[in-house]
Each structure stands twice: as C-alpha cells, then as structure tokens.
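# Examining the three-dimensional arrangement
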Amino acid sequence: MKKMLLFSLLVFSAAICFAQESQTEDVRKITVEDAVILAADNNVSLKRQKIALDLLDQRNKYSWNSVNPSISLSGTYSDGFVSGIWNDGEYTSVDVSCGGRWSLSGSLRLNLTPSIYTSIKTAKLNYESGIMSYEEAVRSIELSVRKLFYALIFSKESIALQERNMETAKVRYENNRDKYSRGQLSELDLLSSQYSYESLKPSIQSAINSYENDIATFKQTLGLSQDENIEIEGSLDDVIPPEDFIPTVKLEELPSIKKIQASIESQKNSLLATRFTAWGPSVTASYSYNLGGTVDNGSATSGSDSLSINVSIPLDGYLPWSSGALSVENQKANLTDLELQLENEKTSAALLIQNKIKSLYQLKSQISLLDQNVEIAQRTYDMTLRAYNAGSRDLLTLQNASDSLMSARLNRQQQLYSILSAVLDLESLLGIPFGSLGTEDAEITY
C-alpha cells in the first residue's frame, strides 16, 4: 500500500510538472526586436506597398520598351475559279482560272522622340521614390510598434507597482486586524485600513483590463492570433542613451530632405520632358516590303520595298505665348518653388533637431531628481511605518506616506517612457537605426 501511494504521488507530481511546463511553453515571449520583425512580416499595409514597389521595379526594368519598333506582317492567297454562261437554256462552263495568287507584305515602323529619354528616367525616378516611400512606411510601422511595445512595458510595470502597494495595504490591514482583536486599535482605524486596501482593487482591475485591450491591439498589429498567449520582455531602462551622447547630423541624409530632393529631381525631369515636347524634333522611320506571285506551271514572283523617313520640328513652341512655352514656364516655377522648400526644410530641420536634443537632455536631467524623490519617499514611508507600529503616528499619516511613495515610483516610470518616446522620435527624424542614438551608427557629420 505504501509503495502504491508513493507511486501515485510521483505520477501526480510529474503530471503537475508537465502541465506547468506545457503552460510555460504555450506562452510566447516577445522582445521589442521580435515585435518589429513580426510587424514587418505580417503587416497588411506593408505587403500592399511591397506589391506596388514590385510593379514600379518592373516598369523601371522595361522602361526602354518605348523604343521598340512596330512590326506587322500580312499575307493573302486566292485560287482560280470556274465560271459559265447560259445559252438557249444550256449552261456552258468557261475555265477562267489563272492559277492561285499569293502575296506577302511586311512593315517596320520606328518613332524616335526626345521624350524617350525622359520616359526612361521617369520610370527610374518613380522606382527610387517608391523605395523611399516603402522604407518610410517600414520605419513608421517600426516606430509605432516600438512605442506601443514600451507603452505596454510601462503599463505592466505600473500594474506591478500598484499590486505591490495593494499587498502592502493588505499586510497593514491584517496587522491592524490583529491589533484590533487585542484591543490595541480602534474600530475606526481598522475600517480605514480595510477601506484603503479594498479601494485599490477596482483601479488595479481597470488597469489590467486596459492592459489586456492594449495587448489585443498589439497582437493585431503584429499579425498574431488573438488566441495566442504572449508575454513581452523588456525594460524602460534598457533604451536610454548615455549621458554624454552627442548626435551629429548630415542634413542631406535626413528623410525629410531626401524626400524633397527626390521631388526636385522628378520636377527637373518633368521640365525637360515639357521642353522636349515644345521644342524637340521627332523622327519617324518606316520600311515596307511586298512580295507576290502566282501558283501554276509558269509561276512567277515579284517584290517591291519602300523606305521613308519623316522629321517633324514643332515651331509654335518657340512663340512665348504658345501653350508649349507657357507649360515650360509653369514647370520652371514649380522647380523654383521646390528649391525654396528645400532651403526652408534644411533650416527648419536643423532647428527641430536642436530643440529635440535640448528637450531630451532636459528629460534625462530630471531622472536623477526623480530617483532622489523615490529614495526620500521610501525612507519616509519606512520611518512612518516604524512610528505607526510604535503608536506615534496615526493611520492617515502612514497612508499619505504610502501614496507619496507610490506616486514617486510612477512618476519615475512615466519620465522614463517620456525619454524613450523622445529618443524614438529623434531617431526617426534623423533617419538612423532605432536604438542607435548615442552609438557610432548615429555619428554623421554636418
């Protein structure tokens, strides 16, 4: 009997361990880098943009097809026939066959205009612009995922702080209940400590519900099933740049500057295409060949060919009031406007970068102060607790000290998240890899 009980106990223990391991294996742990990869692989918007980019790539590869000649080939064949006449009610056939006749003809036509060059360049510029748009979309998704990930980290740590505070309130209530049973505490103080403990439960449950809703949104962003259990791993302290980071920037490398520069290149090409249309000559070359003959005992063939070249030069484009000349002036005005936008963006971007760096330094400088506040609040709570247990402080003073400690901890975590958001926004503005601020990857020069 003892052996059977021992064996059953071992089997039961093994089953519990297996169930715990299975439950652990069912939880998918996700870091911020995992989240970025999943979002890039599963995001529907990025997949659609990738399809559009592939089409632009094909058009760029075959943009030269506008110089393909137009080729046509045709042929005919007709056989002889038998005919006849009616004469006095009698039909007399007459063979008028002259044998089968056949003919073949082919033509080749080639149009050459100056716009061929601009068409090829337009396809190339559109593809390069598509690459920039796709990369911008990828970075936008990554920025959103990273912010959402660390917002979940902040919520998770905030819930942990609140639960720790509630556990402290619970212990305080249980101690007061023991004191009340021994006649060392009034019923009013007991009820106050019970209320302080019980009143924390709704706010924590609300925070948990909000966290679960955010997790559901996070799964949708990553393309994961809502039935899959995930656990995010990370800390707000892991992504704070060092104290002495000095990011230097080359303005031409900023995404906003690159975007306007790409628009300028496209506008220059459009101006050139408009000039070609208004002033450029066009050449049309055509060649045709005809071959024909009969199919009989004395078959014979004959052929002929022709070549023509036509050159057309528009002259109305040289008139300053013509539509072609006005189109050229309009394109030149658009180009000038884009060049002014580029100079303005360089100035605005430099100021924006300086302001963001100053703001980030200011946020970082406040962390040490918040750390001191947490330390002071912790010491104040500890001393107040000892005084309360000794009977020299009342319950309200202890609760205030507990609330101050909780507030100081949450303020520090909120500050860390604000720093993190500022770091991500600055990295996005600079166009550098996320997580590289303060490293060698971020050191580019003006």
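Worth saying up front: this structure is predicted, and the values here are computed from it rather than measured. (Residues numbered from 1 in each chain as written. Predicted model: local features only at pLDDT ≥ 70, side-chain atom pairs only at ≥ 80, totals over all residues. Heavy atoms only, no water.)

### Some thoughts on the overall build of the chain
Helices and strands together make up the secondary structure of the chain, namely nine helices and eight strands. Within the chain, the proportion of its 446 residues that are buried is 28%. A separation threshold of at least 6 residues defines the contact pool for the chain, and within that pool the share at least 24 residues apart is 78%. For the chain, the computed accessible surface area is about 27700 Å², with 54% contributed by carbon and sulfur atoms. (Helix = DSSP H or I, 4+ residues; strand = E, 2+ residues; numbered from the N terminus. Buried < 20%, exposed > 50% of the residue type's maximum accessible area, 1.4 Å probe, protein only. Contact = heavy atoms within 4.5 Å. Areas by Shrake-Rupley, 256 points an atom, 1.4 Å probe, with all protein chains shown as cover.)

### Some thoughts on the side chain of Q331
Relative to the helices and strands, Q331 resides in helix α8 (residues 323-390). With a relative accessible area of 18%, Q331 lands in the buried category. For Q331, the contacting residues outside a window of four places in its chain are Q267, S270, L271 and T274.

### Overview of empty space enclosed by the protein
For the coordinates displayed, the defined rule picks out one cavity of 30 Å³ or more. Considered as a void within the structure, the largest cavity measures approximately 40 Å³ in volume. Of all the secondary structure elements, the ones that give two or more residues to the lining of the largest cavity are α2 (32-42) and α4 (115-181). Looking at the lining of the largest cavity element by element, the count peaks at four residues for α4. (1 Å grid on protein atoms, 1.4 Å probe; cavity = no way out; pocket = protein on both sides within 12 Å on 5 of 7 lines; lining within 4 Å. Points joined across faces, edges and corners; volume = space filled by probe spheres on them.)

### Focus: the packing of α4 against helix α7 (residues 255-279)
Their axes nearest at 10 Å, the elements α4 and α7 cross at an angle of 165°. Accordingly, the angle class assigned to the pair α4 and α7 is roughly antiparallel. Every pair of crossing elements has a handedness; the one defined by α4 and α7 is left-handed. Across the interface between the two elements, S115, Y117, T118, K121, T122, L125, M132 and E136 from α4 touch K258, K259, A262, E265, S266, N269, L272, A273 and F276 from α7. Considered class by class, the residues forming the contact of α4 with α7 number seven nonpolar, five polar and five charged. (Axes fitted to C-alpha atoms, helices over the stretch in contact; angles between N-to-C directions. Parallel < 35°, antiparallel > 145°, perpendicular 65-115°, else oblique. Left-handed = near helix turned anticlockwise from the far one by under 90°. Nonpolar A, V, L, I, M, F, W, Y, C, P; charged D, E, K, R; others polar.)

### Here we look at the nonpolar core
In this structure, F149, Y150, F218, L222 and L236 are the most contacted members of the largest nonpolar core, which totals 53 residues. For this core, the elements supplying multiple residues, two or more each, are α2, α4, α6 (200-222), β6 (229-232), α7, α8 and α9 (395-430). No other element matches the eleven residues that α8 contributes to this core. (Core = buried A, V, L, I, M, F, W, Y, C linked by side-chain atoms within 4.5 Å.)

### Thoughts on the layout of surface pockets
Considering only enclosed or pocket space, the largest pocket measures out at about 540 Å³ in volume. Taken together, 20 residues form the lining of the largest pocket, with M132, E136, R139, P255 and S256 sitting closest to its centre. At the level of elements, α4, α7 and α9 are the ones that each hand at least two residues to the lining of the largest pocket. Sorting elements by how many residues they give to the lining of the largest pocket places α4 first, with seven residues. Its residues assigned to classes, the lining of the largest pocket shows seven nonpolar, seven polar and six charged.

### Digging into the confidence of the model for the chain
Detailed reading of predicted coordinates is not advised where the pLDDT is low. Counting all residues, the mean pLDDT for the chain is 79, and 83% of those residues have values of 70 or more. Here helix α1 (residues 2-26) stands out as the element of the chain with the lowest mean pLDDT, 47, in contrast to α6, whose mean of 90 is the highest. Per-residue pLDDT stays below 50 along residues 1-16; that stretch engages in zero contacts with residues further than four places along the chain or on separate chains. Ignoring residues within four places in sequence, the model shows residues 440-446, a span with pLDDT below 50, making 17 contacts including any to other chains. (pLDDT = per-residue confidence, 0-100.)

### Concerning α2
Along α2, the residues that are buried comprise V32, A35, V36, L38 and A39. What you see down the axis of α2 is that its buried residues fit within an arc of 165°, all on one side. Contacts made by the buried residues of α2 are with β1 (27-30), α3 (44-61), α4 and α6. (Arc of directions from axis to C-beta.)

### Structural notes on the environment of V374
Tracing the chain through its elements places V374 in helix α8. If near-sequence neighbours (up to four positions away) are discounted, V374 is found in contact with L405, A408, R409 and R412.

### Section: the side chain of T274
Structurally, the position occupied by T274 is in helix α7. Looking at T274, its side chain comes within polar contact range of the main-chain oxygen of S270, at 2.9 Å. For T274, the residues in contact, after removing those within four places along its chain, are G324, S327, V328 and Q331. (Polar contact = N/O pair within 3.5 Å; in protein donor to acceptor, adjacent residues only side chain to side chain.)

### Topic: the pattern of salt bridges
This structure, assessed with the given rule, holds twelve salt bridges. A salt bridge links E233 to K29; its shortest N-O distance comes to 3.8 Å. Of this pair, E233 sits in the loop between β6 and α7 while K29 sits in strand β1; the two residues are 204 residues apart in sequence, bridging distant segments of the chain. What makes E233 partly exposed here is its relative accessible area of 34%. (Salt bridge = Lys/Arg side-chain N within 4 Å of Asp/Glu carboxyl O.)

### Description of α8
Between its first and last C-alpha atoms α8 spans 96 Å; for 68 residues at 1.5 Å apiece the expected length is 100 Å, and the two agree. G391 sits one or two residues past α8 and shows a positive phi near 90°. (Expected span 1.5 Å × (residues − 1).)

### Quick notes on the packing of aromatic side chains
Taken as a whole, this structure holds four aromatic pairs when the rule is applied. Ring centres of F149 and F218 lie 6.2 Å apart, and the angle between their planes is 50°; this geometry places the pair in the tilted category. Residue F149 is located in helix α4, and its partner F218 is located in helix α6; the two are separated by 69 residues in the primary sequence. We note that F149, like F218, is buried. Ring centres of Y173 and Y197 lie 6.2 Å apart, and the angle between their planes is 10°; this geometry places the pair in the stacked category. Within this pair, whereas Y173 is found in helix α4, its partner Y197 is found in helix α5 (residues 187-198), the two being separated by 24 residues in sequence. Taking relative accessible area as the criterion, Y197 reaches 11% and is therefore assigned buried. Among the aromatic residues, ring-to-ring pairing joins F149, Y150 and F218 into one connected group. Between the NZ or CZ atom of R139 and the centre of the ring of F434, over which it lies, the distance is 4.5 Å. (Phe/Tyr/Trp six-rings, centres within 6.5 Å; stacked < 30°, edge-to-face > 60°. Lys NZ or Arg CZ within 6 Å of the ring centre and 35° of its normal.)

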